[in-house]
Structures are given as C-alpha cells and as structure tokens.
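Residue strings, one per chain:
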Amino acid sequence: MTTWAALSVPDAAFETRLRSVLRSKVEFIELIGEDLVAAGGKRTRPLITYLSAQLLGAAPEGPAWPHVVDLGVCVELLHSASLLHDDLIDDADTRRGHEAAFRRFGNVVSVMSGDFMLSRLLILLAGMPGGPALTRAFGETASVICEGEVLQFQVAAYQEYAMTHYLDVIHGKTAALTELAARSPALLFSATSEQQAALATFGREYGLAFQMQDDLLDLAGDEAVIGKPVGGDLREGKATLPLLYLLDGPYGAQVRAVLERRAAQPDDVMTVRDLALETGAFDRTRQEIRRRAALAVQALAVFPMSEARAELERLATREIERAR
C-alpha cells in the first residue's frame, strides 16, 4: 500500500497551473483570477478529482498526470464561476474573508469573469482524452447547478416545501459538482461503467451529506463557531432538512407560518430551533447525514483497498463525525 506522502494532492503546482489558466490581458479579469488563487480554500473538489484519478491507477509521475491536474483546475473553475454568480445573487459582502468581487468591480465584471472561467475550462477539456464525454459531463453539471439555484428561489416563492425539491436543490448547490469531481477521472481514463457509477455515487452522496451538515449547522450551530448568525436559511424562506421534518410533525402549521414570513418576528428563529430540539428533528437530520456518508463509503467497495480509496473514505467519514 502506498503512503499519504506518495499521493498527489492539489499543491503549489496546482495553484501555479490555476493561475496560468486564468491569465488575461484585461486587468480586472486578471485581478479576480488572482483573488481566486490567493484566497485558496480547501480545494476539496479538485482533491476528490486527484484521489479518484489515483484510485483508478493514475500516477503523479505518469504521462497522463498533466490531464488530471487540468481536470482538477476545470472542476475548481466551474465551482469558482458559480460562486461569483452566487455572491451577486445573494448580495453577499464577502467571500472567504475578502470583499465579494461584484462589490469591488461591479456586476458586469463579476458575471463576465465567471463566464471567462467557464470558457477557459472548455478550452482545457477540448484538449483532453475523452474530451467530448468530459465536455458533456461538465455541461450537464453546469445546467444542474443553475437549475438548483433557481429552484431554491422558486420553492421559497411558491412555498412548495417538499423533500424532493430539497434534494434537487442541494444536489444542484453542492452534490452535482462533487459528483463530477469524482466521476470525471473515470471519463478521462475510460474506466468501466461500474467504476464510473461507483465514483459518481460516492461524489453525489458525499456532497449531499456535506450540504445537509451545513444546513443543519445554519440552525443548530453555535454562531461563534459558524461565523454568522444562525437561522439564515429560515430568514430566506428555505426549508432545509430539519424544517421539513418539523413541517411533517405536530408543529407543522406553526413552522410553515414562520417560513412564509421569513422569520420576521424577533423570536422566530429561536422558537423553531427549540422545536427542532424538542421533536428530535436535529437528531433525525444527523441520522440522515450519517446514512448518506455511509452510502458514499460503501460505493467505493468495488475498488481494491488503497491509500487513495482510504483518503476518499476519510472525507465521507468526516461528515459522519461532524454529525455527532
């Protein structure tokens, strides 16, 4: 078995490649690209791509590895483009501790820079083995991301609170991209359909567990820990998993009223939070997070044990631990 040190993860070389792909003769686009590189972040999505590629036998010293790096860059560019658009839609002030791009440069520059990132990733995909299949997969994922974002607003506007809508929304917000990050190396290397399906399942279930955990923390978390006021989703009329469980229970009418008025009364958030504690809605949510994360781990059983598989499993297991 290899060791962690032998596994390649997004590092300085990844950041250098990301910076080179974002080069532009237009200063404002260049500055937004530089902000993306400088802001860093966990690079979880390209990490999944790197680990999935190594799970399939790709070696960092092998001739195909530059394509893996570029694939990780493409995943990060799609993620970053969606964040640029999301910040504008959400009227956000900051992103990763820095002023949001549209606040600094204006709406047009922010949107066009996001589109620039999408064009760059298309250029990279065109030069890869399996380019048509990869381009299709990235295009399909981009459309799912857009649909998830719009559906979230539609549900709040029509007050159509349903589990199917919630799962579609969080798939679009998070799981579609983690699914793509895990599955795309299988397309790059023409892996078997069983391997492709396993990696897609891993990415999807991991992403769902991750977003459910974030949604749980938005209502159940400690403000000092999560770094923002609790109840943000409730104030936006978003029915996350704990709220859906409450809507199905004896306090459903009361919680629906709070959602419909978007927690406009001073005690609304704490009232719903107390009801979630009392009825076990938080515990049910934690159980579902653990179930989804376990499904992600189980999906990898089609692969022989390796350090790459172990690291992917650890990502999912971390969500199980966070849900305790």
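Per chain, the residues get numbers from 1 upward, laid out in the order the sequence is written. The predicted origin of the model limits local features to residues at a pLDDT of at least 70 and limits the giving and counting of side-chain atom pairs to 80 or more, whereas totals for whole chains, interfaces and linings rest on all residues. Hydrogen atoms and water are omitted, and side-chain values are computed over all heavy atoms in the structure.

Caption draft 1: Structural view of the overall build of the chain. Starting at the N terminus, helices and strands are each numbered in turn, a helix being any DSSP run of H or I of at least four residues and a strand any DSSP run of E of at least two. Secondary structure assignment for the chain yields 16 helices and two strands. Here the C-alpha coordinates of the chain stretch approximately 60 × 50 × 35 Å along the principal axes. Under the scheme applied here, a residue whose accessible area is under 20% of the maximum for its type counts as buried, over 50% as exposed, and between as partly exposed, the area being computed with a 1.4 Å probe on protein chains only. Burial status across the chain gives 51% buried among its 324 residues. For the chain, contacts bridging at least 24 residues in sequence account for 73% of all contacts bridging at least 6. Areas reported as accessible are Shrake-Rupley estimates using a 1.4 Å probe. Residue values count occlusion only from the protein chains shown. Here the chain has roughly 14,800 Å² of accessible surface; of this, 54% comes from carbon and sulfur atoms. Throughout, a contact is declared for two residues whenever any of their heavy atoms are within 4.5 Å.

Caption draft 2: Focus on the packing of helix α7 (residues 131-158) against helix α8 (residues 163-188). α8 packs onto α7 with a crossing angle of 170 degrees between their chain directions and a minimal axis gap of 7 Å. Of the possible angle classes, the one that applies to α7 and α8 is roughly antiparallel. Counted by class, the contact of α7 with α8 contains 14 nonpolar, seven polar and three charged residues. Only the stretch in contact is used when a helix axis is fitted, and all axes are lines through C-alpha atoms; the angle between N-to-C directions ranges over 0 to 180 degrees. We call two directions roughly parallel when the angle between them is under 35 degrees, roughly antiparallel when it is over 145, roughly perpendicular when it lies between 65 and 115, and oblique otherwise. Gly is placed with the polar residues, together with every amino acid not listed as nonpolar (Ala, Val, Leu, Ile, Met, Phe, Trp, Tyr, Cys and Pro) or charged (Asp, Glu, Lys and Arg).

Caption draft 3: Looking closely at the pattern of salt bridges. We define a salt bridge as a side-chain nitrogen of Lys or Arg found within 4 Å of a carboxyl oxygen belonging to Asp or Glu. Summed over all chains, the structure comprises 17 salt bridges. Among the salt bridges present, the one from Glu-34 reaches Arg-19, with a minimum N-O distance of 3.1 Å. Residue Glu-34 is located in helix α2 (residues 27-39), and its partner Arg-19 is located in helix α1 (residues 12-21); the two are separated by 15 residues in the primary sequence. Between Glu-288 and Arg-292 there is a salt bridge, with its nearest N and O atoms 2.9 Å apart.

Caption draft 4: Structural view of the confidence of the model for the chain. Counting all residues, the mean pLDDT for the chain is 91, and 91% of those residues have values of 70 or more. The quantity called pLDDT is the predictor's confidence in a given residue, expressed from 0 to 100. Predicted confidence for residues 1-5 stays below pLDDT 50, and this span has eight contacts to residues more than four positions away or in other chains.

Caption draft 5: Quick peek at the environment of Leu-55. Relative to the helices and strands, Leu-55 is located in helix α3 (residues 44-55). With residues near it in sequence (within four places) discarded, Leu-55 still touches Leu-199, Leu-300, Phe-303, Ser-306, Ala-308, Arg-309 and Leu-312.

Caption draft 6: The arrangement of unusual backbone geometry in detail. In this structure, Gln-159 takes a positive phi of about 55 degrees despite not being glycine. Examined against the element boundaries, Gln-159 turns out to sit in the loop between α7 and α8. Relative accessible area serves as the criterion here: at 30%, Gln-159 is assigned to the partly exposed category.

Caption draft 7: Seen up close, the side chain of Arg-45. Looking at the element boundaries, Arg-45 is found in helix α3. Positive charges come from Lys and Arg, negative ones from Asp and Glu, while His and the chain ends are left out of the count. The side chain of Arg-45 is buried and forms no salt bridge, while Glu-76, the nearest opposite charge, is found at 5.6 Å. Within the local environment of Arg-45, its side chain forms a polar contact with the side chain of His-79, the two groups lying 3.5 Å apart. Here Arg-45 is in contact with Val-75, His-79, Leu-177, Thr-178 and Ala-181, once residues within four sequence places are set aside. Here a polar contact means two N or O atoms within 3.5 Å. Within protein one must be a hydrogen donor candidate and the other an acceptor candidate, and residues neighboring in sequence count only if both atoms are side-chain atoms.

Caption draft 8: Quick peek at the nonpolar core. Nine residue types can take part in a nonpolar core, namely buried Ala, Val, Leu, Ile, Met, Phe, Trp, Tyr and Cys, and a core is a set of them joined through side-chain atoms within 4.5 Å. Counting 55 residues, the largest nonpolar core has Phe-138 and Phe-202 as the members making the most contacts within it. With sequence-adjacent residues up to four places away left out, Phe-202 is seen in contact with Ile-48, Ala-182, Ala-296, Ala-299, Leu-300, Leu-312 and Ala-316.

Caption draft 9: Inspection of the side chain of Ser-52 at higher detail. Within the fold, Ser-52 resides in helix α3. Leave out the neighbours within four places in its chain, and Ser-52 touches Ala-181, Ala-182, Pro-185, Leu-199 and Leu-312.

Caption draft 10: Geometry of the packing of aromatic side chains. Note on ring pairs: Phe, Tyr and Trp rings are taken, using the six-membered ring of Trp, and paired if centres are within 6.5 Å. Classes follow the plane angle, with under 30 degrees stacked, over 60 edge-to-face and the rest tilted. According to the stated counting rule, one finds four aromatic pairs in the structure shown. With centroids separated by 6.0 Å and ring planes inclined at 5 degrees, the aromatic side chains of Phe-202 and Tyr-206 adopt a geometry described as stacked. Remark: Tyr-206 and Phe-202 occur in helix α9 (residues 193-220); sequence separation between them is four residues, near one turn of the helix. Owing to a relative accessible area of 0%, Phe-202 belongs among the buried residues under this scheme. Assessed through its relative accessible area of 4%, Tyr-206 is described here as buried. Ring pairing ties together the aromatic residues Phe-14, Tyr-50 and Trp-65, which thus form one cluster. Across from the ring centre of Tyr-245, 3.9 Å away, lies the NZ or CZ of Arg-284, which sits over that ring. Whether a charge sits over a ring comes down to the Lys NZ or Arg CZ being within 6 Å of the ring centre and within 35 degrees of the ring normal.

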